[in-house]
Amino acid sequence: IEAGRGYILQENYGLAQEAFQKVIQLNPDSEDAHFELGKICYIQAKFGEAIDRLKKTASLNQNNPHVHLLLAKSYKATGRNNEAVLEFKKALELGYQGENIYKELFEIYKVLNKTDFSPEEIKFALENGYEQELYQLIQKCNFDRQPAPQKAACLPLWIWPASPC
């Protein structure tokens, strides 16, 4: 494993893959080897292969937030946004606190035209200069056709008095 990681640091992905494949031959359930192979695939923009490797890794250990983060990024790169959202949220649930997952989520929400935001997502938008984008997404709501519970999920009026909610 360490030799393969060293090859990754040297950007020698071919030798790294060989090292991790050898580990998998000896131990087919090596979480580390599958994760590192998934990481290499992600780095090389082989997102489909990355997803397969990372799903295998997640099946070996559901509690690794780094696996879910990289799986989310791979899903996002392939346009599988709903799956990406689930994996980003899983990484958050497992305590991931590295890079800003809320930024990644908000970018997906713009594509999905999502309008039902959690308090954490609203806080991120307000603290990071996304107020206008968030407001524009909310304006896209068709409130005449939505049932009351969905209307209630929109931002409260105290955030934007002009909000259509």
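You'll find the structure just up there.
Notes on the structure in this doc start here. These numbers come from a predicted model, not from an experiment.

Per the secondary structure count, the chain includes 10 helices and zero strands. In the chain, the succession of helices and strands from N to C terminus is α-α-α-α-α-α-α-α-α-α. Evaluated residue by residue, the chain yields a buried proportion of 40% over its 165 residues. A separation threshold of at least 6 residues defines the contact pool for the chain, and within that pool the share at least 24 residues apart is 46%. Accessible surface, the chain as shown: approximately 9,200 Å² in total, 49% of it carbon and sulfur.

Where helix H4 (residues 47–60) contacts helix H5 (residues 65–77), the two axes come as close as 9 Å, and the packing angle between them is 150°. With respect to each other, H4 and H5 are oriented roughly antiparallel. Once H4 is placed against H5, the crossing between them reads as left-handed. Together, Phe47, Ala50, Ile51, Leu54, Lys55, Thr57 and Ala58 of H4 and Val67, His68, Leu70, Leu71, Ser74, Tyr75 and Ala77 of H5 make up the contact between the two elements. Residues of the contact of H4 with H5, tallied by class, amount to 10 nonpolar, three polar and one charged.

Our focus in this paragraph is unusual backbone geometry. Despite not being glycine, Glu11 has its phi angle at roughly 60°, a positive value. Tracing the backbone through its elements, the reader meets Glu11 in the loop between helix H1 (2–9) and helix H2 (13–26). At Ala45, a residue that is not glycine, the phi angle is positive and equals roughly 60°. Relative to the helices and strands, Ala45 is located in the loop between helix H3 (31–43) and H4. Classification of Ala45 as partly exposed rests on a relative accessible area of 47%.

In this section: the pattern of salt bridges. Taken as a whole, this structure holds eight salt bridges when the rule is applied. Across the salt bridge formed by Arg5 and Asp32, the nearest N and O atoms sit 3.8 Å from each other. Highlighted residues: Arg5 in helix H1 and Asp32 in helix H3, separated in sequence by 27 residues. The exposure class of Arg5 is partly exposed, given its relative accessible area of 27%. Overlapping salt bridges bring together Glu2, Arg5, Asp32, Glu36 and Lys39 as one network.

So, how was this worked out
Residues numbered from 1 in each chain as written. Predicted model: local features only at pLDDT ≥ 70, side-chain atom pairs only at ≥ 80, totals over all residues. Heavy atoms only, no water. Helix = DSSP H or I, 4+ residues; strand = E, 2+ residues; numbered from the N terminus. Buried < 20%, exposed > 50% of the residue type's maximum accessible area, 1.4 Å probe, protein only. Contact = heavy atoms within 4.5 Å. Areas by Shrake-Rupley, 256 points an atom, 1.4 Å probe, with all protein chains shown as cover. Axes fitted to C-alpha atoms, helices over the stretch in contact; angles between N-to-C directions. Parallel < 35°, antiparallel > 145°, perpendicular 65-115°, else oblique. Left-handed = near helix turned anticlockwise from the far one by under 90°. Nonpolar A, V, L, I, M, F, W, Y, C, P; charged D, E, K, R; others polar. Salt bridge = Lys/Arg side-chain N within 4 Å of Asp/Glu carboxyl O.

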